[in-house]
Amino acid sequence: MALTLALSCSLAAGGAMAAADPIFFDDFHYADTTALVAGGWKIRDQQGHPGIEHGLWGPDTVSLVDDPQTGGARLVRLNARTDGTPQGTFQAQLCHQRKYFEGTYAARIRFSDAPLAGPGGDLVVESFYTSSPLKHDFDPQYSELDWEYLPNGGWGNPHSRLYSVSWQTVQMEPWNAFNQVHEEQRALGGWHTVLMQVAAGKIRYFLDGVQLDEHGGRNYPAQPMSINFNLWFSPSGVLADSKAQRSYQQDVAWVLHAKDQLLSPAQVDAAVGAYRKAGAHRIDTVPAMTPALASNCDF
């Protein structure tokens, strides 16, 4: 596979970026969520896994805001809040079409270590991942690659940490998972670039330009996946002694997928810089599957 990305691009009619290789890039330069959805994204509104059972998902959990650090740039913001009850829980998920498989995935994300309001301590999960539907328990075609940040710990470990997870398959009830995991055990509140290289049976995970781990074998994805951002509360770690509402935010500056190309972190940064300098806020030359795969924006 090519290790380079053609950065010598030209603006085609209508302001679209013409490039040599299939690329999906978005830096969320939208006026509002109506424009975001028109740009191919889905905002989850269906109940279900993950998160607090019967918790709500809805359009007001995703918003567009100005980037206070970069003039003229926009951010997509995920907002989640809970008082520990299903009816008082609102979680956020943003999804793109299920058409992505091998190549390079990267995103620039602001993780939050503390709630925007209310007491801290809930098991909150801030994530960027790719996935295909789990059609039944132990579905052999199930595919998922995760970045999951747990600022307050949880799942048997009280420390802040960032998970990199490659999934083979899973049974939901009772829980029985088959996957490969790396845990980066440190607080990571603030802006970070996460990147995955997926090719030739191997998945390499990079954080801020440094490779953390390499997965593969039975955990390598088996079919095309959707791109997702998610902010949710795990029911196993909700504060038991507070009914006060607490809220968290996760911001995303940009996301990129280079189909069938292995790009280094430096090459991704260069590509993003070139696109933004040229005023190309959204590029999507990655073809849909034939026939197109359903993208339901739920588990």
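(A) Region of interest: the overall build of the protein. Along the backbone of the protein there are 2 helices and 19 strands. Here the protein has a C-alpha radius of gyration of 18 Å; the compact-globule value for 299 residues is 19 Å, and the two agree. Projecting the C-alpha coordinates of the protein onto the three principal axes gives extents of approximately 55 × 45 × 35 Å. Scored against the burial criterion, the 299 residues of the protein give a buried share of 53%. Of the contacts formed within the protein by residues at least 6 apart in sequence, a portion of 71% connects residues at least 24 apart. For the protein, the accessible surface area stands at approximately 12,400 Å², while carbon and sulfur atoms represent 53% of it. Considering the protein, the positive charge centre built from 21 side chains and the negative charge centre built from 31 side chains are found 3 Å apart.

(B) Geometry of the pattern of salt bridges. Evaluation of the coordinates by the stated rule reveals 13 salt bridges. A salt bridge links Glu-184 to Arg-186, with the nearest nitrogen and oxygen atoms 3.0 Å apart. By relative accessible area, which is 16% here, Glu-184 ends up buried. Overall, Arg-186 belongs to the partly exposed group, its relative accessible area being 39%. In this structure, Glu-214 and Lys-202 form a salt bridge, with 3.5 Å as the shortest nitrogen-oxygen distance. Of this pair, Glu-214 sits in strand β16 (residues 210-216) while Lys-202 sits in strand β15 (residues 202-207), placing them 12 residues apart in sequence. Through salt bridges with shared partners, one network takes in Arg-77, Arg-110 and Asp-251.

(C) Broad picture of the state of the cysteines. Following the criterion strictly, the structure yields 1 disulfide and no others. Paired through a disulfide, Cys-95 and Cys-297 show a sulfur-sulfur distance of 1.9 Å. Linking Cys-95 and Cys-297, the disulfide has an S-S dihedral of approximately 70° and is accordingly described as right-handed. Residue Cys-95 is found in strand β8 (residues 90-95), and its partner Cys-297 is found in the segment after β19 (282-284); the two are separated by 202 residues along the sequence. Overall, the relative accessible area of 6% leaves Cys-297 in the buried class.

(D) Layout of the confidence of the model for the protein. In the predicted model, the protein carries a mean pLDDT of 93, and 94% of its residues have values of at least 70. For residues 1-19, every residue scores under 50 in pLDDT, and the model assigns this stretch 36 contacts once sequence neighbours within four places are set aside.

About the criteria used
- Residues numbered from 1 in each chain as written.
- Predicted model: local features only at pLDDT ≥ 70, side-chain atom pairs only at ≥ 80, totals over all residues.
- Heavy atoms only, no water.
- Helix = DSSP H or I, 4+ residues; strand = E, 2+ residues; numbered from the N terminus.
- Rg over C-alpha atoms; globule rule 2.2 N^0.38 Å.
- Buried < 20%, exposed > 50% of the residue type's maximum accessible area, 1.4 Å probe, protein only.
- Contact = heavy atoms within 4.5 Å.
- Areas by Shrake-Rupley, 256 points an atom, 1.4 Å probe, with all protein chains shown as cover.
- Lys, Arg positive; Asp, Glu negative; His and termini not counted.
- Charge placed at Lys NZ, Arg CZ, Asp CG, Glu CD.
- Salt bridge = Lys/Arg side-chain N within 4 Å of Asp/Glu carboxyl O.
- Disulfide = S-S within 2.5 Å.
- pLDDT = per-residue confidence, 0-100.

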